[in-house]
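Residues per chain are reported as follows:
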Amino acid sequence: MTTEMQEIAVTEDKPLLTGQADSSKDAELAARILLDQGQEHSIETPHGVLHVTLHGTRNSRRPAILTFHDVGLDNKSCFLPLFKFEEMQEIVKNFTLIHIDAPGQEDGAAVYPVGYQYPSMETIAEMIPAVLQFFNFRTVIGVGVGAGAYILSKFTLANPESVEGLVLVNIDTNSRGWMDWAAQKLSSVTSSLTEQILSHLFSQEELSSNTDLVQSHRERMSKAPHLLNIELFWKTYNSSRRDLNLDRSCTFKCPVMLVVGDQAPYEEAAVECNSKLDPTTTSFLKMADAGGLPQLTQPAKLTEAFKYFIQGMGYMASSCMTRLSRSRTTSLSSSYSMDGSRSRSRTLSQGSQGGQMPPSPSQTMEVSC
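The following paragraphs examine the structure supplied in this document. (Residues numbered from 1 in each chain as written. Predicted model: local features only at pLDDT ≥ 70, side-chain atom pairs only at ≥ 80, totals over all residues. Heavy atoms only, no water.)

Comments concerning the overall build of the protein
Part 1 of the argument: Assigned secondary structure in the protein consists of 13 helices and 10 strands.
Part 2 of the argument: By residue count, 50% of the 369 residues in the protein fall in the buried class.
Part 3 of the argument: Look at the contacts in the protein between residues 6 or more apart in sequence, and 73% of them connect residues 24 or more apart.
Part 4 of the argument: Accessible area of the protein: about 18,000 Å², with a carbon and sulfur share of 52%. (Helix = DSSP H or I, 4+ residues; strand = E, 2+ residues; numbered from the N terminus. Buried < 20%, exposed > 50% of the residue type's maximum accessible area, 1.4 Å probe, protein only. Contact = heavy atoms within 4.5 Å. Areas by Shrake-Rupley, 256 points an atom, 1.4 Å probe, with all protein chains shown as cover.)

Concerning the side chain of serine 153
Part 1 of the argument: Counting through the fold element by element, serine 153 comes out in helix α5 (residues 147-158).
Part 2 of the argument: Side-chain polar atoms of serine 153 contact the backbone oxygen of alanine 149, separated by 2.8 Å. (Polar contact = N/O pair within 3.5 Å; in protein donor to acceptor, adjacent residues only side chain to side chain.)

Quick word on the pairing of strand β2 (residues 48-55)
Part 1 of the argument: Counting buried residues in β2 gives 6 out of 8 residues, a clear majority hidden from the surface.
Part 2 of the argument: Sheet topology note: the strand β1 (residues 39-45)/β2 ladder contains 7 bridges and is antiparallel. Its bridge partner being in β2, glutamate 44 is matched across the sheet by valine 49.
Part 3 of the argument: The turn joining β1 and β2, which pair antiparallel and follow one another in sequence, is formed by 2 residues.
Part 4 of the argument: As judged from the 5 bridges shared by β2 and strand β4 (residues 97-101), these two strands associate in the antiparallel manner. Looking at the pairing, leucine 54 lines up with isoleucine 98 of β4. (Pairing = 2+ DSSP bridges.)

Focus on the packing of aromatic side chains
Part 1 of the argument: With the rule as written, the count across this model stands at 6 aromatic pairs.
Part 2 of the argument: Between the aromatic rings of phenylalanine 79 and phenylalanine 83, the centroid separation amounts to 6.2 Å while the plane-to-plane angle is 55°, which identifies the pairing as tilted. Here phenylalanine 83 and phenylalanine 79 lie together in helix α2 (residues 75-84), a separation of 4 residues that amounts to about one turn. With respect to burial, phenylalanine 79 and phenylalanine 83 carry one shared label: buried. (Phe/Tyr/Trp six-rings, centres within 6.5 Å; stacked < 30°, edge-to-face > 60°.)

Examining empty space enclosed by the protein
If a probe as big as a water molecule is rolled over the atoms, it shows which places are left empty.
Part 1 of the argument: The full count for this structure, using the stated rule, is 1 cavity of 30 Å³ or more.
Part 2 of the argument: In terms of lining residues, the largest cavity is bounded by Phe79, Leu82, Phe83, Val143, Val145, Val167, Val169, Met257, Gln295, Leu302 and Phe306.
Part 3 of the argument: Take the lining of the largest cavity: its biggest share by element is 3 residues, from α2.
Part 4 of the argument: Taken together, the residues that form the lining of the largest cavity break down as 10 nonpolar, 1 polar and no charged. (1 Å grid on protein atoms, 1.4 Å probe; cavity = no way out; pocket = protein on both sides within 12 Å on 5 of 7 lines; lining within 4 Å. Points joined across faces, edges and corners; volume = space filled by probe spheres on them. Nonpolar A, V, L, I, M, F, W, Y, C, P; charged D, E, K, R; others polar.)

Observations concerning the pattern of salt bridges
Part 1 of the argument: Throughout the structure, instances matching the rule amount to 7 salt bridges.
Part 2 of the argument: Linking arginine 218 and glutamate 195 is a salt bridge whose minimum nitrogen-to-oxygen distance equals 2.7 Å. Of this pair, arginine 218 sits in helix α9 (residues 212-222) while glutamate 195 sits in helix α7 (residues 193-201), and the two are 23 residues apart along the sequence.
Part 3 of the argument: Glutamate 195 sits in the partly exposed class, given a relative accessible area of 28%. (Salt bridge = Lys/Arg side-chain N within 4 Å of Asp/Glu carboxyl O.)

Considerations on the environment of asparagine 274
Part 1 of the argument: Structurally, asparagine 274 can be placed in helix α11 (residues 267-276).
Part 2 of the argument: Assessed through its relative accessible area of 4%, asparagine 274 is described here as buried.
Part 3 of the argument: Spatially, the C-alpha atom of asparagine 274 lies 6.8 Å from that of phenylalanine 284, the residues being 10 residues apart in sequence.

Focus: the packing of α7 against helix α10 (residues 227-239)
Part 1 of the argument: At a minimum axis distance of 11 Å, the contact between α7 and α10 shows a crossing angle of 50°. Our classification of the angle between α7 and α10 gives oblique. Every pair of crossing elements has a handedness; the one defined by α7 and α10 is left-handed. Facing Leu193, Gln196, Ile197 and His200 of α7, the residues of α10 in contact are Leu227, Ile230, Glu231, Trp234 and Tyr237.
Part 2 of the argument: Classifying every residue of the contact of α7 with α10 by side-chain character gives 6 nonpolar, 2 polar and 1 charged. (Axes fitted to C-alpha atoms, helices over the stretch in contact; angles between N-to-C directions. Parallel < 35°, antiparallel > 145°, perpendicular 65-115°, else oblique. Left-handed = near helix turned anticlockwise from the far one by under 90°.)

So, the pairing of strand β3 (residues 64-68)
Part 1 of the argument: When you tally the buried positions in β3, you get 5 out of 5 residues, the bulk of the element.
Part 2 of the argument: By the alternation rule, side chains of β3 split into Ala64, Leu66 and Phe68 and Ile65 and Thr67, which are all buried.
Part 3 of the argument: Here β3 pairs with strand β5 (residues 140-145) via 5 bridges, running parallel. Looking at the pairing, alanine 64 lines up with valine 140 of β5.

Examining unusual backbone geometry
Part 1 of the argument: Notably, asparagine 210 is not glycine yet its phi reads approximately 50°, a positive angle.
Part 2 of the argument: Structurally, asparagine 210 can be placed in the loop between α8 (204-209) and α9.
Part 3 of the argument: The phi torsion at aspartate 289 lies on the positive side, around 60°, for a residue other than glycine.
Part 4 of the argument: Assignment of secondary structure puts aspartate 289 in the loop between β8 (282-287) and α12 (294-297).
Part 5 of the argument: Judged by its relative accessible area of 57%, aspartate 289 is exposed.

This is the structure:
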């Protein structure tokens, strides 16, 4: 009788344990699928609808990481390789990601009718507060590339209390001059829209080499059903961009990390922006062998720098650094303000040894790994 009862107990336990394990696996799989795909939203703003993709839970105890892409891209083509990168997962698990697509730039967007008045850069920046309100986030850490960096800069200057930090890749804070305007007019006559945008996104070396990345973006844009929308965004970026008029007395109120490839089309513009910002709260990362889109070509280096940046704001203090601390060569050149009276950076020497302290915000890193 005792033996029979023991056998019955064993046969009852097995399906319960199996069912619990299956439920746990199913829940984990569902959570991973949700994290990978994200939750897509169409958010009404005072100036129109924005397509926004949210990854993670709406944990408002920390700032969300809010991204904005460049011209010719959308949130996936601009940021997916970076935020899918293995070492970036430590950050992804700790922060909510909010990816904003500029109006009409998302995959599958309806084509605007002929004559549609596309919103200006300033108007698009004014649409962002509605996104924060929709998700109930008080503050964000902005990550912008090219046109997206300019839009997030406009948003930050108008809403300094909403931004805890800014990562600006390929930022150009100036309006287009007469020479730029003339060059753009000539380019529009001699080059297709796709080639114009590729010249904005990639270095001349990448274009000459016709890298796989250049080819894939050329094919994606040339076959895009909403190419007219992309053209409207491109023209607006060139025509409605105004000087941000940054200087030491009128600047960002949060930490800023400027990122640019050493051969990127906007290297000089990023260097100029760096000279205008507060050196105590600004770090400038010039990446070797990064091309025009460092977040796609060098995600490992940018991930490491981003971790340093977040740590400087008091988040993820226990995060382990691996790559930049092992950088084979890191050189620093002293940069001076326009009057040459104040150095913007100190010499930093990094060898192969790990465990070094993160660079101070006022340092300029030129990383070659």
